[in-house]
Amino acid sequence: MNFIIWIVVGGILGWLASMVMRTDAQQGLFLNIIVGIVGALLGGWLLAPLFGTGTINQNDFSIGSLLVSFLGAVVLLAIVNLLRRGTPR
């Protein structure tokens, strides 16, 4: 059941992050899910200690964990844009 929640919530967070970073037209559903889940991992590694919360990958479904996972997805897209275009946009 947790795997399905990861896919659904990761897809929504990836989609929201792609809207913020203006890469939504370049991504499909599958890439949004990947960005959401990998962004949550990145957020858990970088941002969770700063905020003192978990991420969606750690079975912590709170507002703080959703925020950390979302910020991780935005950071991931900024890194990808930086490597791809030379500007985080």
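Further up the page is the structure itself.
Predicted model, so just to flag it, every value in this text is computed and none were measured.

> How should the overall build of the protein chain be read in this particular structure?
Tallying secondary structure elements over the protein chain gives four helices and zero strands in all. Starting at the N terminus, the α and β elements of the protein chain follow one another as α-α-α-α. Taken over C-alpha atoms, the radius of gyration comes to 12 Å for the protein chain, in line with the 12 Å a tight globule of 89 residues would show. Along the first, second and third principal axes, the C-alpha set of the protein chain runs to 35 × 25 × 15 Å. When each of the 89 residues of the protein chain is scored for burial, the buried share is 42%.

> When you look at the environment of Gly52 in this model, what are you seeing that I'm missing?
For Gly52, the location among the structural elements is in the loop between α3 (48-51) and α4 (63-85). Along the sequence, Gly52 and Ile79 sit 27 residues apart, while their C-alpha atoms lie 23 Å from each other.

> For this particular structure, what's the right way to read unusual backbone geometry?
Outside of glycine, negative phi angles account for most residues, and trans bonds account for most peptide bonds. Positive phi, close to 60°, is recorded for Arg22, a residue that is not glycine. Relative to the elements of secondary structure, Arg22 occurs in the loop between α1 (2-20) and α2 (29-46). You can call Arg22 exposed: its relative accessible area is 61%.

> In this structure, what is going on with the packing of α1 against α4? I would like to understand it.
The description of two helices packed together rests on the angle between their axes and the distance between the axes. One way to put it is that α1 packs onto α4 with a least axis distance of 9 Å and a crossing angle of 50°. Between α1 and α4, the angle falls in the class oblique. Of the two possible hands of crossing, α1 and α4 adopt the one that is right-handed. Facing α1, whose interface residues are Val9, Leu13, Leu16, Ala17, Ser18 and Val20, α4 presents Leu66, Ser69, Phe70, Ala73, Val74 and Leu77. Class assignment of the residues belonging to the contact of α1 with α4 gives a composition of ten nonpolar, two polar and no charged.

> What exactly am I supposed to notice about α1 here?
Compared with an ideal rise of 1.5 Å per residue, which puts 19 residues at 27 Å, α1 spans 26 Å between its outermost C-alpha atoms and is within 8% of the ideal. Every buried residue of α1 is listed here: Val9, Gly10, Gly11, Leu13, Gly14, Ala17 and Ser18. Next to the buried residues of α1 lie α2 and α4. One or two steps after α1, the chain reaches Arg22, where phi turns positive at roughly 60°.

> Got a minute to help me understand a nonpolar patch on the surface in this structure?
Together, Phe3, Ile4, Val8, Ile12, Trp15, Leu16 and Met19 make up a nonpolar patch on the protein surface, roughly 690 Å² of accessible area in all. Note on placement: Ile4 falls in helix α1.

About the thresholds
Residues numbered from 1 in each chain as written. Predicted model: local features only at pLDDT ≥ 70, side-chain atom pairs only at ≥ 80, totals over all residues. Heavy atoms only, no water. Helix = DSSP H or I, 4+ residues; strand = E, 2+ residues; numbered from the N terminus. Rg over C-alpha atoms; globule rule 2.2 N^0.38 Å. Buried < 20%, exposed > 50% of the residue type's maximum accessible area, 1.4 Å probe, protein only. Axes fitted to C-alpha atoms, helices over the stretch in contact; angles between N-to-C directions. Parallel < 35°, antiparallel > 145°, perpendicular 65-115°, else oblique. Left-handed = near helix turned anticlockwise from the far one by under 90°. Contact = heavy atoms within 4.5 Å. Nonpolar A, V, L, I, M, F, W, Y, C, P; charged D, E, K, R; others polar. Expected span 1.5 Å × (residues − 1). Patch = residues over 30% accessible without salt bridge, like charges linked within 9 Å, V, L, I, M, F, W, Y side chains within 5 Å. Areas by Shrake-Rupley, 256 points an atom, 1.4 Å probe, with all protein chains shown as cover. Salt bridge = Lys/Arg side-chain N within 4 Å of Asp/Glu carboxyl O.

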